[in-house]
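Next come the chains, spelled out residue by residue.
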Amino acid sequence: VRITSAPITVPLLAAAVIVMLGVSRFVLERQAENENNIFLVITVLQLIIFALPCMLYYFLKGRKLASPMYIAPVRPGHLIFIASALATLVTGNLLIKFFYYLFTGEAGTNGTYFAAVVDSAGTDTSTAMVLTALVFIPAVCEEFFFRGVVLAEYRQFGAVNAVVFSSLCFAMLHFSIENFPIYLFSGLMLGMVCAVCRSIFASIVLHVVSNAMSIYLSDLFIRVTIQKSGAFFVGFVLAMLFAVSLMLMTGRLERIYSGYAQKPPEEGLPPRSVEHLVFVYLSPAFFLLVIVFVLMTIFL
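In short, a report on the structure.

About the cut-offs
Residues numbered from 1 in each chain as written. Predicted model: local features only at pLDDT ≥ 70, side-chain atom pairs only at ≥ 80, totals over all residues. Heavy atoms only, no water. Helix = DSSP H or I, 4+ residues; strand = E, 2+ residues; numbered from the N terminus. Contact = heavy atoms within 4.5 Å. Areas by Shrake-Rupley, 256 points an atom, 1.4 Å probe, with all protein chains shown as cover. Patch = residues over 30% accessible without salt bridge, like charges linked within 9 Å, V, L, I, M, F, W, Y side chains within 5 Å. Salt bridge = Lys/Arg side-chain N within 4 Å of Asp/Glu carboxyl O. Buried < 20%, exposed > 50% of the residue type's maximum accessible area, 1.4 Å probe, protein only. Core = buried A, V, L, I, M, F, W, Y, C linked by side-chain atoms within 4.5 Å. Axes fitted to C-alpha atoms, helices over the stretch in contact; angles between N-to-C directions. Parallel < 35°, antiparallel > 145°, perpendicular 65-115°, else oblique. Left-handed = near helix turned anticlockwise from the far one by under 90°.

### Considering the overall build of the protein chain
Right, so step 1: Regarding its fold elements, the protein chain presents 12 helices and zero strands.
Right, so step 2: Moving toward the C terminus, one meets the helices and strands of the protein chain in the order α-α-α-α-α-α-α-α-α-α-α-α.
Right, so step 3: Considering only contacts within the protein chain whose residues lie at least 6 apart along the sequence, 83% involve residues at least 24 apart.
Right, so step 4: With an accessible surface of roughly 14500 Å², the protein chain has 70% of that area assigned to carbon and sulfur atoms.

And the structure:
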């Protein structure tokens, strides 16, 4: 693997972002002590943490990604697929949280890293500030980083590898080994939607809804419904809704790729992922990324 290739440069980029996010906790704590507007600080920090590494990466790579990011508008023919993918994302997250609650007594969470920091700081909140700093800005910044850069760089190694690797990086970003399955599932859904629709804006929409639900609804929904209706009924309903959503999404997915087979996209279809597994997952930089994630999670 060349030292300038994606399996080396992208994990190092992701590791740098993880370290910057970890350091940002100390900045937020200091700003909270000074009674500054923590939500404004969070917004600025997210723009710096995700934008500056991307700009540096573009500079080091000659300002050219291996594949251009998907910035095309959403096609009308993909709207049903996006809606069914959103239903699959929501019901899948709720189902995972249901099992968390069933076995641990807690529903888990899939909110942003900054949301957890705000909760621990006990800062007064308003709906507008929460929506801006903890719902919209994270969705846009994280999607442009993980799907716009990471997924785009790894698409040369196959669509599945690109989706899975960007999802692993996305899950590591949240500094939680306990909730890793929730973040990984969300990342897989977001990456798949972006790859299938060839539009980052589709995954941004899903990400916004996911962030809003994790902050305002999903944990409370699991606890209240189980207490009122019983675990068996809630689990059965969630499993059925997830299965129906998954079938609808799969059906639309087959239809979309049938169209791609008849009329391939201009940039062409990515290669088979199985041929590039070694390059993607056995890179020394990837192991370094995992080590950074584990250390930051333990000591934060």
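### Quick word on a nonpolar patch on the surface
Right, so step 1: Taken together, the side chains of L40, V44, I48, L52 and M55 present a nonpolar region at the surface, about 460 Å² in accessible area.
Right, so step 2: Summarising the element assignment, M55 is placed in helix α2 (residues 38-60).

### As for the environment of G191
Right, so step 1: Structurally, the position occupied by G191 is in helix α7 (residues 180-197).
Right, so step 2: Under the relative-accessibility criterion, G191 is labelled buried at 0%.
Right, so step 3: Taking C-alpha positions, G191 is 9.4 Å from F165, a pair spaced 26 residues apart along the chain.
Right, so step 4: Beyond its immediate sequence surroundings of up to four residues, G191 is in contact with R147, L151 and V163.

### Brief notes about the environment of A83
Right, so step 1: By the secondary structure assignment, A83 is in helix α3 (residues 79-104).
Right, so step 2: As a C-alpha pair, A83 and L206 span 123 residues in sequence and 8.9 Å in three-dimensional space.

### What to know about the nonpolar core
The tendency in soluble globular proteins is for nonpolar side chains to be buried as a group.
Right, so step 1: Among the nonpolar cores identified, the biggest contains 84 residues, and F81, Y154 and F165 are the most heavily contacted of them.
Right, so step 2: Broken down by element, this core gets its largest block of residues, 12 residues, from α7.
Right, so step 3: Each residue touching Y154, except ones within four places of it in the same chain, is listed here: A6, P7, V10, P11, A162, F165 and V280.

### Quick notes on the packing of helix α5 (residues 127-154) against α7
When two helices pack together, their arrangement is captured by the angle between the axes and the distance separating the axes.
Right, so step 1: Viewed as axis vectors pointing N to C, α5 and α7 meet at an angle of 60°, and their least axial separation amounts to 11 Å. It follows that α5 is oblique to α7 by the angle criterion. Taken as a pair, α5 and α7 cross one another with a handedness that is right-handed. Seen from α5, the contacting residues are E143, R147 and L151; seen from α7, they are G187, L190, G191 and C194.

### A few points about unusual backbone geometry
Right, so step 1: Look at F175: it is not a glycine, yet its phi comes out positive at around 55°.
Right, so step 2: With respect to the element layout, F175 can be found in the loop between α6 (159-172) and α7.
Right, so step 3: According to the relative accessible area criterion, F175 is buried, its value standing at 10%.
Right, so step 4: A positive phi angle is found at R198, which is not glycine, with a value near 55°.
Right, so step 5: Position of R198 relative to the elements: it lies in the loop between α7 and α8 (200-216).
Right, so step 6: For R198, a relative accessible area of 6% puts it in the buried group.

### As for the pattern of salt bridges
Right, so step 1: Taken as a whole, this structure holds two salt bridges when the rule is applied.
Right, so step 2: Between E143 and R147 there is a salt bridge whose closest N-O contact spans 2.7 Å. Remark: R147 and E143 occur in helix α5; sequence separation between them is four residues, near one turn of the helix.
Right, so step 3: Taking relative accessible area as the criterion, E143 reaches 0% and is therefore assigned buried.

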